Amino acid sequence: MEENLKRIRFEMEEAALASGRSPQEITLLAATKTVPVEVVNHAIALGVSHIGENKVQELCGKYDSYAPVDLQFIGHLQTNKVRQLVGKVSMIQSVDSLRLAAEISRQAEKQGLVMDVLLEVNIGREENKSGVFPELLPQLAEETAALPHVRVRGLMAIPPAEASRAETNRFFSQMTQYFIDMKNKSGDNVTMDYLSMGMSADFADAIRQGSNMVRVGSALFGPRVYR
């Protein structure tokens, strides 16, 4: 894992510099789906400071065994599972509807918290993928920002898996433009600090196109083992 992490950080640095930014501006978030706690804790010991879980049940099962770390939720979230997350994670990256945002706000209010969220964009307009279509993003941002216990911190997207590298780069570029447009218009409760896009196969391209948070799993931990 040490060599994988070194390689990832080197590629992140090169991509950041190529995009005219400091490597310190880019956040590495380790995607830990199916990864045993002891392996995740080893990554934390090596300096990984942000991790993301995809499944609520898995997150809750590992939660008490994690070393100190910034823990985020990056998977599709059902409203009936929100209460299990609020208070455990620093950010929910996958808000794609006002209904979900409202439930997050409601559960956060119970705990006296304000929950940071990213709005997930279905950039490839895929029928079976979560995320709001781009033309509906401004409305979702405005309505979510009006909720008292939610704070919109940016955007998240996953391009279609079958897209070519050139197509994926176009999707990344489009997301960056949406991010910039919304940042220029952002007001109360919308800060647009994070553009979360890029995974193991394409994180360097995502950074070159404007991402400042990449979610890397298999490139760090090796191929996933599904039980």
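Within each chain, residue numbers correspond to sequence positions counted from 1 in written order. Side-chain atom pairs in this predicted model are given and counted only at pLDDT of 80 or more, local residue features only at pLDDT of at least 70, and totals for whole chains, interfaces and linings cover all residues. Water and hydrogen atoms were dropped before computing side-chain values, which therefore reflect all heavy atoms in the structure.

**Q** Talk me through the overall build of the chain; I want residue IDs and the actual numbers.
**A** Counting from the N terminus, the helices are the DSSP runs of H or I reaching at least four residues and the strands are the DSSP runs of E reaching at least two. Helix and strand counts for the chain come out as 9 helices and 8 strands. What the globule rule says is 2.2 Å times the number of residues to the power 0.38, and the radius of gyration is computed from C-alpha atoms. In terms of overall dimensions, the chain is globule-like: its C-alpha atoms have a radius of gyration of 17 Å, near the 17 Å expected for 227 residues. By its C-alpha atoms, the chain is 45 × 40 × 35 Å across when sized along the principal axes. Each residue's exposure class comes from its accessible area (1.4 Å probe, protein chains only) as a fraction of the maximum for that residue type: buried when under 20%, exposed when over 50%, partly exposed otherwise. Taken across its 227 residues, the chain has 51% of its residues classed as buried. Across the chain, contacts joining residues at least 24 apart in sequence account for 59% of those joining residues at least 6 apart. What sets the accessible areas is the Shrake-Rupley method with a 1.4 Å probe; for residues, cover comes only from the shown protein chains. Counting only carbon and sulfur atoms, one obtains 48% of the accessible surface of the chain, whose full area is about 10,900 Å². Charge counting treats Lys and Arg as positive and Asp and Glu as negative, with His and both chain ends excluded. To locate a charge, take NZ of a lysine, CZ of an arginine, CG of an aspartate or CD of a glutamate. In the chain, 25 positive and 28 negative side-chain charges are present, and the distance between their average locations comes to 3 Å. By definition in these notes, contact holds between two residues if any of their heavy atoms fall within 4.5 Å.

**Q** Let's hear about the environment of glutamine 111: which residues, and what values?
**A** On the secondary structure map, glutamine 111 appears in the loop between α5 (98–110) and β5 (115–121). For the pair glutamine 111 and arginine 83, spaced 28 residues apart in the sequence, the C-alpha separation amounts to 10.0 Å. Residues within four places of glutamine 111 in sequence aside, it is in contact with Val86 and Gly87.

**Q** Describe the side chain of aspartate 202, and please don't skip the residues or the numbers.
**A** As for its placement among the helices and strands, aspartate 202 is situated in the loop between β7 (190–196) and α8 (203–209). Buried charged residue aspartate 202 carries no salt bridge. Nearest counter-charge: arginine 215, at 7.4 Å. Residues adjacent in sequence count toward polar contacts only when both atoms are side-chain atoms; beyond that, a polar contact is any pair of N or O atoms within 3.5 Å, and within protein one must be able to donate a hydrogen and the other to accept it. Polar side-chain contacts of aspartate 202 include one of 2.7 Å to the backbone nitrogen of methionine 199. If sequence neighbours within four positions are ignored, aspartate 202 has contacts with Thr168 and Phe172. We count a salt bridge whenever a side-chain nitrogen from Lys or Arg sits within 4 Å of a carboxyl oxygen from Asp or Glu.

**Q** I'd like a description of the layout of surface pockets, backed by residues and values.
**A** For the largest pocket, the calculated volume is near 560 Å³. Cavity means a closed set of points on a 1 Å grid over the protein atoms alone, one where a 1.4 Å probe fits but cannot get out, pocket means an open set with protein on both sides within 12 Å along at least 5 of 7 lines, and lining means a residue has an atom within 4 Å of a point. Residue lining of the largest pocket: 25 residues in total, with Lys33, Asn54, Ile74, Gly75 and His76 positioned closest to the centre. Ten residues, namely Ala, Val, Leu, Ile, Met, Phe, Trp, Tyr, Cys and Pro, are considered nonpolar, four, namely Asp, Glu, Lys and Arg, are considered charged, and the remaining ones, Gly among them, are considered polar. Across the lining of the largest pocket, the residue classes tally to 8 nonpolar, 10 polar and 7 charged. Lining the second largest pocket, in full, are Pro134, Leu137, Pro138, Ala141, Glu142, Tyr178, Asp181, Met182, Lys185, Ser186, Gly187 and Val190. Counting only elements with at least two residues in the lining of the second largest pocket, the list comes to α6 (137–145) and α7 (165–185). Looking at side-chain class alone, the lining of the second largest pocket contains 7 nonpolar, 2 polar and 3 charged residues. Grid points are joined across faces, edges and corners, and a volume is the space filled by probe spheres set on the points.

**Q** Which residues make up the pairing of β7, and what values go with them?
**A** With 4 bridges connecting them, strand β6 (residues 150–157) and β7 associate as parallel partners. Paired with valine 152 across the two strands is valine 190, which belongs to β7. For the crossover from β6 across α7 to β7, the handedness is right-handed. Strand pairing requires that DSSP identify at least two bridges connecting the strands. When the strands point away from the viewer, a crossover counts as right-handed if the route from the first strand across the helix to the second turns clockwise.

**Q** Lay out α7 with the relevant residues and their values.
**A** An ideal rise of 1.5 Å per residue puts 30 Å on 21 residues; α7 measures up with 30 Å between its terminal C-alpha atoms. For α7, the full list of buried residues reads Thr168, Asn169, Phe171, Phe172, Met175, Thr176, Phe179 and Met182. For α7, the buried positions fall inside an angular range of 155° around the axis, keeping them on one side. Exposed and facing more than 90 degrees away from the buried side of α7 are Asn184 and Lys185. Every helix has an expected span of 1.5 Å times one less than the residues it contains. Working note: the arc is built from the helix axis to C-beta atom directions.

**Q** Quick rundown of the packing of aromatic side chains? Include the residues and the values.
**A** Only the six-membered ring of Trp is used, alongside the rings of Phe and Tyr, when aromatic pairs are assigned; centres must lie within 6.5 Å, and planes under 30 degrees apart are stacked while those over 60 apart are edge-to-face, with the rest tilted. Tallying each qualifying case throughout the model produces 0 aromatic pairs. Charge-over-ring placement is defined geometrically: NZ (Lys) or CZ (Arg) within 6 Å of the ring centre, and within 35 degrees of the ring normal. The residue whose ring lies beneath lysine 88 is tyrosine 63, and the NZ or CZ to ring-centre distance is 5.6 Å. The lysine or arginine in question, arginine 125, covers the ring of phenylalanine 133, its NZ or CZ lying 4.4 Å from the ring centre.

**Q** Outline the side chain of threonine 176, listing residues and values.
**A** Its place among the elements puts threonine 176 in helix α7. A residue is classified by how much of its surface remains accessible, and threonine 176, at 13% relative accessible area, is buried.

**Q** Give me the lowdown on the pattern of salt bridges, citing residues and values where you can.
**A** Summed over the entire model, instances satisfying the criterion amount to 11 salt bridges. Between aspartate 116 and arginine 153 there is a salt bridge whose closest N-O contact spans 2.7 Å. Of this pair, aspartate 116 sits in strand β5 while arginine 153 sits in strand β6, placing them 37 residues apart in sequence. By the burial criterion, aspartate 116 is buried, and arginine 153 matches it. Its salt-bridge partner being lysine 129, residue glutamate 126 comes within 2.7 Å of it at the nearest N-O pair.

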